[in-house]
Every structure is written in C-alpha cells, then in structure tokens.
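# Examining the three-dimensional arrangement
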Amino acid sequence: MSLVQLANVCSHLQNASLARLGLTSIPHSRLHLLLAVQLQKQGFISNVVLAGSTPPAKLLPQTAVDHELKFQKLQHATPSESIRHAFDTSNPFARQREQSAELRAVRDSVLPPEESSTERLKVQEQSIGEPEDFSINELFPASNLHPETEQQLRAEAFTESEQVTQTNRASRRLWLSLKYWDGEPVMRKLKMLSRPTQKLWLTHDDLSRIVRGKRANYIDGMTRIGECIFLSTDKGIMEARECVERRIGGMALCRIWG
C-alpha cells in the first residue's frame, strides 16, 4: 500500500472535479481499484472501467465516437467510398455539392451509372460495429472485491482489442466518470488523513464518535452533508459508517465531501 500514490490520486481527482472534467484516469493498483469501487458505491462517481492509456469507447459521448469511427474509416476508404460519403444526405454539405455541376461530373465519372443516381446516394452510411471482445487473463489481482462487483468490472473491461499481458500490465489505468449536480462537482474536496510518516489507526469506539460528529484521535467529526471517511481494514476498503455497523476498525485513508 502506497500512501504517496494515494495522495497523488486524491489531489488529481480534486483538481479534475474543480476543472469540471467528465472523464479522468488514475493508475491501476489494488488500493486504487478498491477505493474507486467505494467511490462509485457512495455515489461520488458514476463509472469505473479498467482500460489502457486511451479512454474506453463506452465512456465517450456517442457523437464523438461516431465521428472518430467515420474519420478512421474514411482514411482507408477507396475513391468510390469517399464520393459516396461526400454526397450522402447525412452530410450537411451534400446538398451544396449536389448543386455543383463540376462535382456531379466528378461523381458520375468515378461511380458506376447505377450507383451515381440520387436515390442510391440517399442511403445512410452503415454503422460501424463495436470492436471484438478479447479474453482477459489476470485483470484483477487478489482482492476482497465482491464476486458480483469483480464480474461487473471484468465485463466492462471488454472495450479494447488489446489483450492484457505481462508487458502492458503497467500501462493499465482506471477510467472514472465524474458526477456533477447543478453545475457543481459532487466530489469537491479530498483530504488525506494518514501520511507515510504518520498512520492514523481508528478503533470502533473512535469511529462511533467521529460518525456522530465528535473529534477522536486527531480526526474531526463528520458534520458535512454527504461526507465520507474511507478506511483500510482487514475486510478491504470500507466507509466509516459501514465499519461502525460491523464493529471493526482500521487505518484512516482519506475523507471526501462535496
């Protein structure tokens, strides 16, 4: 467990929220994965997807994905396909090109006669399918994730055609979808509690006082609406209220509020 990297992650998420970013990524590790799952469980983020150095297509806006796929297809298109796309009715400039006599002559000279008619050119461009799934091997290290949660994350990871190997494992990242309400970030502040040189351990009694808004063991009580404190326990990463219910303690990691 690296508290230095966790501090960098908290600082990055706070800056991303204040910058109103809809999508960001953090390095993939067991600690970061468990914390991200807890953030999603508490409603601070909407999605957690394990992918590579580029964002997965399922988290991007649909219009941006379609534009990128069409651009990639046109780069490798034949002259006939480029002409068809230029005069396609879904293209906003197709009507202007249709009115140009010179462009119509170019179209008729490239396309066969039966395909150069206006009726054939009004057919919409066929949609491009999703990339093929790949077999995942050892995506997640040994952890205390619930089987259903791990299965869901594994299913969401089928977004890239690149297979996970020992070579590219270090480049895997966790992509998080941030949430906002009325233009304001849901996750506004992230503050580390334990430090690499000073780790704070809380018992069940300490957590009971903190949850009720009282100070205990150098940690102020939870008095803000929606505030959460996450701890590292022998049962995994858990929220303070859940620790009180299970009557267990642990090391305080960070506190988050909006």
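All values reported here derive from a predicted model rather than from experimental measurement. (Residues numbered from 1 in each chain as written. Predicted model: local features only at pLDDT ≥ 70, side-chain atom pairs only at ≥ 80, totals over all residues. Heavy atoms only, no water.)

## A closer look at the overall build of the protein
- Counting its secondary structure elements, the protein contains ten helices and ten strands.
- Burial analysis of the protein (258 residues in total) assigns 39% to the buried set.
- A fraction of 68% describes how many contacts in the protein between residues 6 or more apart in sequence connect residues 24 or more apart.
- With an accessible surface of roughly 15200 Å², the protein has 50% of that area assigned to carbon and sulfur atoms. (Helix = DSSP H or I, 4+ residues; strand = E, 2+ residues; numbered from the N terminus. Buried < 20%, exposed > 50% of the residue type's maximum accessible area, 1.4 Å probe, protein only. Contact = heavy atoms within 4.5 Å. Areas by Shrake-Rupley, 256 points an atom, 1.4 Å probe, with all protein chains shown as cover.)

## Considerations on the confidence of the model for the protein
- Mean pLDDT over the protein: 75, with 58% of residues reaching 70 or higher.
- The low-confidence segment residues 119-143 (pLDDT under 50) makes 59 contacts with residues lying over four places distant or belonging to another chain. (pLDDT = per-residue confidence, 0-100.)

## Some points on the packing of aromatic side chains
- Under the definition given, this model contains zero aromatic pairs.
- The cationic tip of Arg224 hangs over the ring face of Trp257; the distance from NZ or CZ to the ring centre is 4.0 Å. (Phe/Tyr/Trp six-rings, centres within 6.5 Å; stacked < 30°, edge-to-face > 60°. Lys NZ or Arg CZ within 6 Å of the ring centre and 35° of its normal.)

## Brief notes about the pairing of strand 9 (residues 236-239)
- Examined bridge by bridge, strand 8 (residues 228-233) and strand 9 share four bridges and lie antiparallel to one another. Bridging from a neighbouring strand, Leu231 pairs with Met238 of strand 9.
- Connecting strand 8 to the next strand, strand 9, in antiparallel fashion are two residues. (Pairing = 2+ DSSP bridges.)

## Some details on helix 1 (residues 3-18)
- The terminal C-alpha atoms of helix 1 lie 23 Å apart, and with 16 residues this matches the ideal 22 Å at 1.5 Å per residue to within 8%.
- Residues of helix 1 that are buried: Leu3, Leu6, Val9, Cys10, Leu13, Gln14, Ala16 and Ser17. Along the long axis of helix 1, the arc covered by the buried residues comes to 165 degrees, so they all point the same way.
- Positive backbone phi, at 60 degrees, marks Arg20, one or two positions downstream of helix 1. (Expected span 1.5 Å × (residues − 1). Arc of directions from axis to C-beta.)

## A short note on the environment of Arg224
- Mapped onto the elements of the fold, Arg224 is located in the loop between helix 9 (204-211) and strand 8.
- Its relative accessible area of 41% is what places Arg224 among the partly exposed residues.
- Between the alpha carbons of Arg224 and Gly213 there is a distance of 9.0 Å; along the sequence they are eleven residues apart.
- Non-local contacts of Arg224, meaning those with residues more than four positions away in its chain, are made with Arg255 and Trp257.
- Reaching out from Arg224, the side chain makes a polar contact with the side chain of Glu227 at a distance of 3.1 Å. (Polar contact = N/O pair within 3.5 Å; in protein donor to acceptor, adjacent residues only side chain to side chain.)

## Details of the sheet that holds strand 3 (residues 173-178)
- Read across the open sheet, the three strands follow the order 1-3-2; overall the sheet is antiparallel. Strand pairing shows two members of the sheet lacking a second neighbour, strand 1 (23-27) and strand 2 (45-51), which therefore form its edges. Shown here is a sheet whose adjacent strand axes are inclined to one another by a mean of 25 degrees, direction ignored.
- Sheet analysis places strand 2 next to strand 3, joined by six bridges and oriented antiparallel. Its bridge partner lying in strand 3, Ile45 is registered against Leu178.
- The strands that helix 1 touches are strand 1 and strand 3; relative to strand 1, the one it contacts most, it runs at about 175 degrees. (Axes fitted to C-alpha atoms, helices over the stretch in contact; angles between N-to-C directions.)

## A word on the environment of Arg255
- You can see Arg255 is positioned in strand 10 (residues 250-257).
- Owing to a relative accessible area of 5%, Arg255 belongs among the buried residues under this scheme.
- Residues Arg255 and Lys189, 66 residues apart in the sequence, show an inter-C-alpha distance of 8.1 Å.
- Leave out the neighbours within four places in its chain, and Arg255 touches Lys189, Leu190, Lys191, Leu193, Ile219, Asp220, Gly221, Met222, Arg224, Glu227, Cys228 and Ile229.
- Polar side-chain contacts of Arg255 include one of 2.5 Å to the side chain of Glu227.

## With respect to unusual backbone geometry
- In the Ramachandran plot, Asp182 falls in the positive-phi region, its phi being about 55 degrees despite a non-glycine side chain.
- Structurally, the position occupied by Asp182 is in the loop between strand 4 (180-181) and strand 5 (184-185).
- For Arg247, which is not a glycine, the phi torsion comes out positive at approximately 60 degrees.
- Here Arg247 lies in the loop between helix 10 (240-246) and strand 10.

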